Structure formats: C-alpha cells, structure tokens
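# Structure at a glance
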Amino acid sequence: MSDIRAADAAAIRAVLAGSYKAWEAGDADGMVADYTEDATAIMPGSLRDSRDVIRDSMALAFTGPLKGTSTYNKQLSLRFVGRDAAIVISESGILFAGRTEVPDTGKVNATWVFEKRDDQWLIAAYHNSPVPVPVTGN
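First, a word on what this report is: a plain description of the structure on this page. (Residues numbered from 1 in each chain as written. Predicted model: local features only at pLDDT ≥ 70, side-chain atom pairs only at ≥ 80, totals over all residues. Heavy atoms only, no water.)

### Quick notes on the pattern of salt bridges
- The full count for this structure, using the stated rule, is 10 salt bridges.
- The salt bridge involving R51 is made with E37; its shortest N-O contact spans 4.0 Å. Here R51, found in helix α3 (residues 51-62), pairs with E37, found in strand β1 (residues 35-43); they are 14 residues apart in sequence, far enough to count as distant.
- Where R55 meets D52, a salt bridge forms, and the shortest distance between an N and an O atom there is 3.1 Å. Of the two residues, R55 and D52 are both situated in helix α3; the distance of 3 residues between them amounts to about one turn of the helix.
- Judged by its relative accessible area of 23%, R55 falls in the partly exposed class. (Salt bridge = Lys/Arg side-chain N within 4 Å of Asp/Glu carboxyl O. Helix = DSSP H or I, 4+ residues; strand = E, 2+ residues; numbered from the N terminus. Buried < 20%, exposed > 50% of the residue type's maximum accessible area, 1.4 Å probe, protein only.)

Have a look at this one:
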C-alpha cells in the first residue's frame, strides 16, 4: 500500500473511531460530525436520508433504547474505489449496558461508503443487515 493510501486508511479508521466514541458518549452531533450532509443510513426497516435525519433519530435513541450503549466493531475489509471513495465492511453490534459482548443474534454486517471531500474523508452512506446465525440441529 502506498504511503498516501496508508494515510487515507488511517484517516478513515480515525473517522470510524470518532463516530464510535461519540456513540458511547450518547453524542448524536459528534456521531454524525464526519457524515456528508446528504448521507444515508439504511438499516432493517428504516431509511434515514440526510445527516440531519440520522442525527435526530440517534439523539432520540440515545435518550431512550440506546441510552448507555456502546458498539462492537470488527473491520473486515477496507478498499478504495478510485481516488476519492472507499468502502469499509465491518461486523458490528450494539453493546447494551451491563453486557460484556454482543450475542451472535445481535451482530450485523455493515457497509460504510466514504467520500473524500476537500481532503477530508466523510461517511456518505451506511447500511447494515443481520449476520446469519448458523442453524444447529439435533
């Protein structure tokens, strides 16, 4: 990996780390600070179609069902698409208060789409879907 791409990868990881840290603090503004204005977030049953909508829904969730939560995130891959775009795939989940790990049934595969604007990496889109849980039989 070239030095430029290594620096870009580090910058992308820093954006993700900042978003995760803001989530843990219940800080919806901080969580979306590095989202594009026209960012989208798609999760089962919902489409959030702007940074403001994402922020507002997270602020509401942080005062309710997501209060006191953090996230589990394991980066599976990071690849660049052209000069100014990147895709990160991760296994993620919500770590609820009092829990030490996310159960398999709570894990999702997530896709993060990044765009480089004015030399800054920003989250342009996020999508997740449940991780398939292996079925065991007798």
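From this point, the discussion proceeds with the structure in view.
### Here we look at the sheet that holds strand β3 (residues 70-80)
- Overall, mixed pairing links the 6 strands, which are arranged β2-β1-β6-β5-β4-β3 in an open sheet. Every other strand in the sheet has two partners, leaving β2 (46-48) and β3 as the edge strands with one partner each. The average undirected angle you get between the axes of adjacent strands in this sheet is 15 degrees.
- Direction of pairing for strand β5 (residues 107-117) relative to strand β6 (residues 120-130): antiparallel, over a ladder of 10 bridges. Residue pairing in the sheet places K116 in a bridge with W121 of β6.
- On top of the sheet, helix α1 (residues 3-24) reaches β1, β3, β4 (85-95), β5 and β6; it is set at about 160 degrees to β3, its chief contact.
- Sitting on the sheet, α3 is in contact with β1 and β2, with an inclination near 55 degrees to β1. (Pairing = 2+ DSSP bridges. Axes fitted to C-alpha atoms, helices over the stretch in contact; angles between N-to-C directions. Contact = heavy atoms within 4.5 Å.)

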